[in-house]
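The lines below spell out each chain.
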Amino acid sequence: MRRALVVGNWKMNLDHVEAVHLTQQLAVILASRPAEHVDVVVAPPFVDLRSVTSVIEAEHSVLEVAAQHVNPRPAGAHTGEIAVPMLTRLRVRWVIVGHSERRTHYGMDDQVVAETARAAVAGGLRAIVCVGEDEDVRARGEHRGFVEAQVLAALSGLSAPEGDVVVAYEPIWAIGTGRTASVADVAEMTEVIRAAVAATGVRGVRVLYGGSVTADNAAELFAADVDGFLVGGASLRAESFAAIVAAGESCYAGGR
Ligand code: PGA
């Protein structure tokens, strides 16, 4: 049976004290309202990771942890970077790869995204690969081809165990803007992404949507045949994030 996946991308928010607080709140909510058909992941800043994994272990919580980025090289002279083994040693299971903010502001091109996805999976992490067009590409009507090319580039040459790769469709114009993509837009792009993924031969890939997902629109967006969400702003408060998880649970509990 398919399981939903809801990932909270905290971005550059919450220091380790705030992170502990939010993780504790989420652990309590998920223990009292179990979401048995949803994998729930939080992606805190690097400096919070150890505190967050400690809270999860102490609370015996089902929450899992992602890093927001990783360097594809195993070690060495890369000031300011973090390597895959450093994350797995901290019991981090997931990593976000190629978020549009990293592609746009930190020079991550398709080739580096692909290298990072390969290194992450080879090192035992599950990769959440982000794709998505900006407003200009969509205005020119080129969004389908653009996103298809991003998927093919990111997953090319990737050999991954089933379930270890996730693709998140995050149109840049919908991120942090309150302009959520419509169900029809998301459904169209999920289909494009599933076809591109099939062409790469990578199996068991769940497709997420991200971009101004909230507690209010999550249930409706599940109708777009997505397997879940990558949530930014609404993941910073326990109640709104938990409500998105609950929307996934009600959608999947009936055996989607
Ligand atoms: P948002 O961010 O939910 O705040 O739009 C989503 C993301 O960038 O992952």
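Above this text is the structure in question.
In this text, all values refer to a predicted model and were calculated from it rather than measured experimentally. (Residues numbered from 1 in each chain as written. Predicted model: local features only at pLDDT ≥ 70, side-chain atom pairs only at ≥ 80, totals over all residues. Heavy atoms only, no water.)

Engineer: I'd like a description of the overall build of the protein chain, backed by residues and values.
Structural biologist: Scanning the protein chain from N- to C-terminus turns up ten helices and eight strands. Relative to a compact globule of 256 residues, whose C-alpha radius of gyration would be 18 Å, the protein chain shows 17 Å and is just as compact. Oriented by its inertia axes, the alpha-carbon framework of the protein chain measures out at about 50 × 45 × 35 Å. The burial tally for the protein chain puts 53% of its 256 residues in the buried class. If you take every contact in the protein chain between residues at least 6 apart in sequence, the share linking residues at least 24 apart comes to 76%. On the protein chain, roughly 11,200 Å² of surface is accessible, and the fraction owed to carbon and sulfur atoms is 53%. (Helix = DSSP H or I, 4+ residues; strand = E, 2+ residues; numbered from the N terminus. Rg over C-alpha atoms; globule rule 2.2 N^0.38 Å. Buried < 20%, exposed > 50% of the residue type's maximum accessible area, 1.4 Å probe, protein only. Contact = heavy atoms within 4.5 Å. Areas by Shrake-Rupley, 256 points an atom, 1.4 Å probe, with all protein chains shown as cover.)

Engineer: Before we move on, can you summarise the site of the ligand with the specific residues and values?
Structural biologist: Every one of the 13 residues lining the ligand counts as a neighbour, but Lys11, His99, Glu170, Gly176 and Ser212 are closest to it. Here an oxygen atom of the ligand and a side-chain polar atom of Glu170 are 2.7 Å apart. For the ligand, an oxygen atom lies 2.7 Å from a polar atom in the backbone of Ser212. Burial of the ligand by the protein amounts to 95% of the accessible area it has alone, namely 280 Å². Of all the cavities here, the one that holds the ligand is the second largest pocket. (Near = heavy atom within 4 Å. Polar contact = N/O pair within 3.5 Å; in protein donor to acceptor, adjacent residues only side chain to side chain. 1 Å grid on protein atoms, 1.4 Å probe; cavity = no way out; pocket = protein on both sides within 12 Å on 5 of 7 lines; lining within 4 Å. Sits in = over half its atoms within 2 Å of the grid points.)

Engineer: Before we move on, could you go through the side chain of Arg206 and cite the residues and values that matter?
Structural biologist: Mapped onto the elements of the fold, Arg206 is located in strand 7 (residues 206-210). The exposure class assigned to Arg206 is buried, which follows from its relative accessible area of 15%. Within the structure, Arg206 has its side chain in polar contact with the side chain of Asp39 (distance 3.0 Å). Setting aside its immediate chain neighbours within four residues, Arg206 contacts Arg3, Ala4, Leu5, Asp39, Trp94, Val165, Val166, Val167 and Asp227.

Engineer: A description of the layout of surface pockets should follow, citing residues and the corresponding values.
Structural biologist: Roughly 470 Å³ of volume is contained in the largest pocket. Lys11, Met12, Gln68, Arg102 and Tyr106 are the residues nearest the centre of the largest pocket, which is lined by 17 residues in total. With three residues, helix 4 (residues 100-105) is the largest single contributor of residues to the lining of the largest pocket. Roughly 170 Å³ of internal volume is contained in the second largest pocket. Looking at the lining of the second largest pocket residue by residue, the class counts come to five nonpolar, eleven polar and two charged. (Points joined across faces, edges and corners; volume = space filled by probe spheres on them. Nonpolar A, V, L, I, M, F, W, Y, C, P; charged D, E, K, R; others polar.)

Engineer: Explain the packing of aromatic side chains to me, and be specific about the residues and the numbers.
Structural biologist: In this structure the tally under the stated criterion is three aromatic pairs. Seen in terms of ring centroids, Tyr169 and Tyr209 are 6.3 Å apart; in terms of plane orientation they differ by 50 degrees. Their pairing is tilted. One end of the pair, Tyr169, is in strand 6 (residues 165-169); the other, Tyr209, is in strand 7, with 40 residues separating them in the sequence. Like Tyr169, the residue Tyr209 is buried in the burial classification. In textbook terms, an aromatic cluster arises when at least three aromatic residues are bridged by ring pairs, as seen for Phe222, Phe229 and Tyr252. (Phe/Tyr/Trp six-rings, centres within 6.5 Å; stacked < 30°, edge-to-face > 60°.)

Engineer: Any details on the environment of Arg138? Residues and values, ideally.
Structural biologist: As for its placement among the helices and strands, Arg138 is situated in helix 6 (residues 135-139). The sequence separation of Arg138 and Val167 amounts to 29 residues, and the corresponding C-alpha distance is 19 Å. Those residues in contact with Arg138, other than ones at most four positions away along the chain, are Glu133, His143, Tyr169, Trp173, Asp185 and Met189. One polar contact links Arg138 to Tyr169, side chain to side chain, over a distance of 3.3 Å.

Engineer: Describe the side chain of Asp227, and please don't skip the residues or the numbers.
Structural biologist: Here Asp227 is to be found in the loop between helix 9 (218-221) and strand 8 (228-231). Within the local environment of Asp227, its side chain forms a polar contact with the side chain of Arg194, the two groups lying 3.2 Å apart. Discounting residues that sit within four places of it in the chain, Asp227 has contacts with Arg2, Arg3, Ala4, Leu5, Arg194, Val205, Arg206, Val207, Leu208, Phe222 and Tyr252.

Engineer: Describe the packing of helix 7 (residues 143-155) against helix 8 (residues 183-200), and please don't skip the residues or the numbers.
Structural biologist: Close contact between helix 7 and helix 8 brings their axes to 9 Å; oriented N to C, the two are set at 35 degrees. Here helix 7 runs over helix 8; the crossing is right-handed. Together, His143, Arg144, Val147, Glu148, Val151, Leu152 and Leu155 of helix 7 and Glu188, Met189, Val192, Ile193, Ala196, Val197, Ala199 and Thr200 of helix 8 make up the contact between the two elements. Looking at side-chain class alone, the contact of helix 7 with helix 8 contains ten nonpolar, two polar and three charged residues. (Axes fitted to C-alpha atoms, helices over the stretch in contact; angles between N-to-C directions. Left-handed = near helix turned anticlockwise from the far one by under 90°.)

Engineer: Explain helix 7 to me, and be specific about the residues and the numbers.
Structural biologist: Here helix 7 contains 13 residues, and its C-alpha end-to-end distance of 18 Å stays within 8% of the 18 Å for a straight helix at 1.5 Å per residue. Inspection of helix 7 places His143, Val147, Gln150, Val151, Ala154 and Leu155 among the buried residues, and these make up the whole buried set. Buried residues along helix 7 cover an arc of 110 degrees about the axis, so they all sit on one side. In this fold, the buried residues of helix 7 make contact with helix 4, helix 5 (110-122), strand 5 (126-131), helix 6, strand 6 and helix 8. (Expected span 1.5 Å × (residues − 1). Arc of directions from axis to C-beta.)

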